[in-house]
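Each chain, written out:
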Amino acid sequence: MTSYVGSINGKQEVMVGYSDSAKDAGRLAACWAQYTAQEAMAKVAGKYGIELTFFHGKGGTVGRGGNPALYRAILSHPPNTINGRFRVTEQGEMIRQNFGTKEISERSLDIYTSALLRESFTKRVEPKQEWRDQMDRISEISCAAYRHTVRDDPRFVPYFRQATPELELGRLNIGSRPSKRNPKGGVESLRAIPWTFAWAQTRMHLSAWLGVGDGLKSENEEDKRILREMYEEWPWFREIISLISMLLSKTDFSITKNYDDLLVDPDLMSLGNEVRNKLVETRQAVIDVSGAKDISGPHVQLMRASSIIRNPYVDSINVVQAEILKVLRNMPEDDSPDLTPELKAIKSIRNDALLLSIKGIAQGMKNSG
């Protein structure tokens with residue numbers, strides 16, 4: 001240990017990954033595992049006098065660790081894990097959104113600086129043992145529920161590929177890397193960006209909330225009391241619930257059902273109905289914890305105003321996209337002899353239209369992976 005400390009000059013950087021952990025275990029279990037892991041590493045670093053810096057490898061969306069409320073996000077990190085040092089990735093559309101102009105860049109850096117200063121000079125909330133016990137319970141239940149659907153249900157992978165544009169995303173080459181690590185694998189081989197992106201396109205946002213409702217539900221009155229206390233007094237927990245609430249407010253039942261009606265085989269339709277039922281339960285579970293009257297929580301007026309402006313445009317694009325996917329999937333494959341030059345030209349135009357619909361929905365939802 002002494003030789004290693006000397007070789008790093010007493011400084012160590014550790015990267016915290018968010019995307020694949022959430023895809024593997026679900027949102028709540030991944031968040032709690034990251035929290036406790038950072039705590040443990042900070043204690044070890046303190047014991048040996050190491051200057052520890054966490055490098056947060058977050059994406060732009062909630063499903064990949066992102067948080068549009070940057071100031072609150074920094075202040076909700078575990079106590080004693082920042083200490084004036086904070087490194088985070090900015091990628092994809094978030095670069096343009098946070099650093100697209102000089103004025104916006106200055107504003108973003110102001111937020112980072114002020115949040116780090118406040119974090120350094122204010123006393124942070126340490127979670128009580130009963131809060132930790134609740135998180136252990138929630139994580140175990142939510143992870144089991146998430147994996148039961150995503151991994152154990154044989155209907156899930158076929159449903160996912162039919163109900164979303166996941167397969168088309170891989171063919172359109174709109175990302176910097178292949179959509180899959182193993183082209184023949186299932187969900188476990190899919191990169192986190194297309195996993196999140198595909199669900200955002202259909203307005204299901206499943207990757208951000210699946211398993212959450214199961215974890216938060218409890219028939220025990222003491223559990224309910226503690227969860228309410230955690231929401232009111234623990235910034236980390238409150239921020240997670242607020243982010244999930246925001247994503248749930250963007251889901252749309254009629255849009256997702258339209259994709260199912262047009263694209264999914266009849267023997268898989270039952271899974272879509274089950275998932276939408278879970279969505280209803282999750283919305284209620286989040287409302288029960290937050291005490292809000294609406295799933296949008298304290299931002300209800302802003303979300304409603306935003307929806308009035310945005311939804312008439314995005315809803316139409318979703319309907320068109322589902323129709324485009326239906327006709328494209330009924331056309332011959334690119335290497336098929338049935339694909340005549342005339343059909344090839346039509347297919348090319350439809351692929352262009354699909355790409356435009358993907359971009360339009362991503363901009364409207366502000367969730368592009």
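Above this text sits the structure in question.
Residues numbered from 1 in each chain as written. Predicted model: local features only at pLDDT ≥ 70, side-chain atom pairs only at ≥ 80, totals over all residues. Heavy atoms only, no water.

**Some remarks on helix α14 (residues 235–249)**
Thought 1: With 15 residues, α14 should cover 21 Å at 1.5 Å per step; its first-to-last C-alpha distance of 21 Å lies within 8% of that length.
Thought 2: The element α14 is largely enclosed, with a buried count of 12 among its 15 residues.
Thought 3: Those residues of α14 not exposed but buried are W236, F237, E239, I240, I241, L243, I244, S245, M246, L247, L248 and S249. (Helix = DSSP H or I, 4+ residues; strand = E, 2+ residues; numbered from the N terminus. Expected span 1.5 Å × (residues − 1). Buried < 20%, exposed > 50% of the residue type's maximum accessible area, 1.4 Å probe, protein only.)

**What to know about the sheet that holds strand β3 (residues 87–88)**
Thought 1: Strands sit in the order β1-β2-β3 across an open sheet of 3 strands; the sheet is parallel. With one partner strand each, in any of the chains shown, β1 (11–17) and β3 form the two edges of the open sheet.
Thought 2: Across the sheet, helix α3 (residues 27–47) lies against β1 and β2 (51–57), angled at about 160° from β2, the strand it touches most. (Pairing = 2+ DSSP bridges. Contact = heavy atoms within 4.5 Å. Axes fitted to C-alpha atoms, helices over the stretch in contact; angles between N-to-C directions.)

**So, the packing of helix α13 (residues 221–233) against helix α16 (residues 269–290)**
Thought 1: It is the contact of α13 with α16, at a shortest axis distance of 8 Å, that shows an interaxial angle of 70°. The orientation of α13 with respect to α16, classified from their angle, is roughly perpendicular. Counted together, L227, R228 and Y231 of α13 and D288, V289 and S290 of α16 form the full contact between these two elements.
Thought 2: Looking at the contact of α13 with α16 residue by residue, the classes come out as 3 nonpolar, 1 polar and 2 charged. (Parallel < 35°, antiparallel > 145°, perpendicular 65-115°, else oblique. Nonpolar A, V, L, I, M, F, W, Y, C, P; charged D, E, K, R; others polar.)

**Concerning the nonpolar core**
A general tendency of soluble globular proteins is for nonpolar side chains to be buried together.
Thought 1: Of all hydrophobic cores here, the largest spans 60 residues; its most connected members are W195, L206, W209, L216, W234, W236 and F237.
Thought 2: In terms of residues, this core owes the most to one element, α16, which gives 7 residues.
Thought 3: Among all residues touching W234, those that are not within four sequence positions of it are W32, Y35, V125, P127, W131, M135 and E229. (Core = buried A, V, L, I, M, F, W, Y, C linked by side-chain atoms within 4.5 Å.)

**Considerations on the side chain of Q38**
Thought 1: As for its position among the elements, Q38 is in helix α3.
Thought 2: Classification of Q38 as buried rests on a relative accessible area of 3%.
Thought 3: Discounting chain neighbours no more than four positions away, the residues touching Q38 are V16, Y18, F54, H56, H77, P78 and T81.

**Some thoughts on the side chain of E168**
Thought 1: Among the structural elements, E168 can be located in helix α9 (residues 166–172).
Thought 2: Only 2.9 Å separates the side chain of E168 from the side chain of R329, close enough to count as a polar contact.
Thought 3: Among residues more than four places away in sequence, those in contact with E168 are L325, R329 and L354. (Polar contact = N/O pair within 3.5 Å; in protein donor to acceptor, adjacent residues only side chain to side chain.)

**Points about α16**
Thought 1: Here α16 contains 22 residues, and its C-alpha end-to-end distance of 32 Å stays within 8% of the 32 Å for a straight helix at 1.5 Å per residue.
Thought 2: Of the positions making up α16, those classed as buried are L271, G272, V275, R276, L279, T282, A285, V286, I287, V289 and S290.
Thought 3: Residues of α16 that are buried in the fold lie against α8 (156–163), α11 (206–209), α12 (212–216), α13, α14 and α15 (253–263).
Thought 4: Phi turns positive, to about 75°, at G291, one or two residues after α16.

**A closer look at the packing of aromatic side chains**
Thought 1: If you walk through the whole model with that rule in mind, you get 15 aromatic pairs.
Thought 2: Centre to centre, the rings of F86 and Y112 are 6.4 Å apart; their planes meet at 45°, and the pair counts as tilted. Here F86 is found in the loop between α4 (70–75) and β3, whereas its partner Y112 is found in helix α6 (residues 102–121), with 26 residues between them in sequence. Of the two residues examined, F86 and Y112, each falls in the buried class.
Thought 3: Aromatic side chains F160 and W195 sit 5.2 Å apart centroid to centroid with 65° between the ring planes, which places their arrangement in the edge-to-face category. Highlighted residues: F160 in helix α8 and W195 in helix α10 (residues 192–201), separated in sequence by 35 residues. Neither F160 nor W195 differs from the other in exposure class; each is buried.
Thought 4: Members of the aromatic cluster, connected to one another through ring pairs, are W32, Y35, W131, W234, W236 and F237. (Phe/Tyr/Trp six-rings, centres within 6.5 Å; stacked < 30°, edge-to-face > 60°.)

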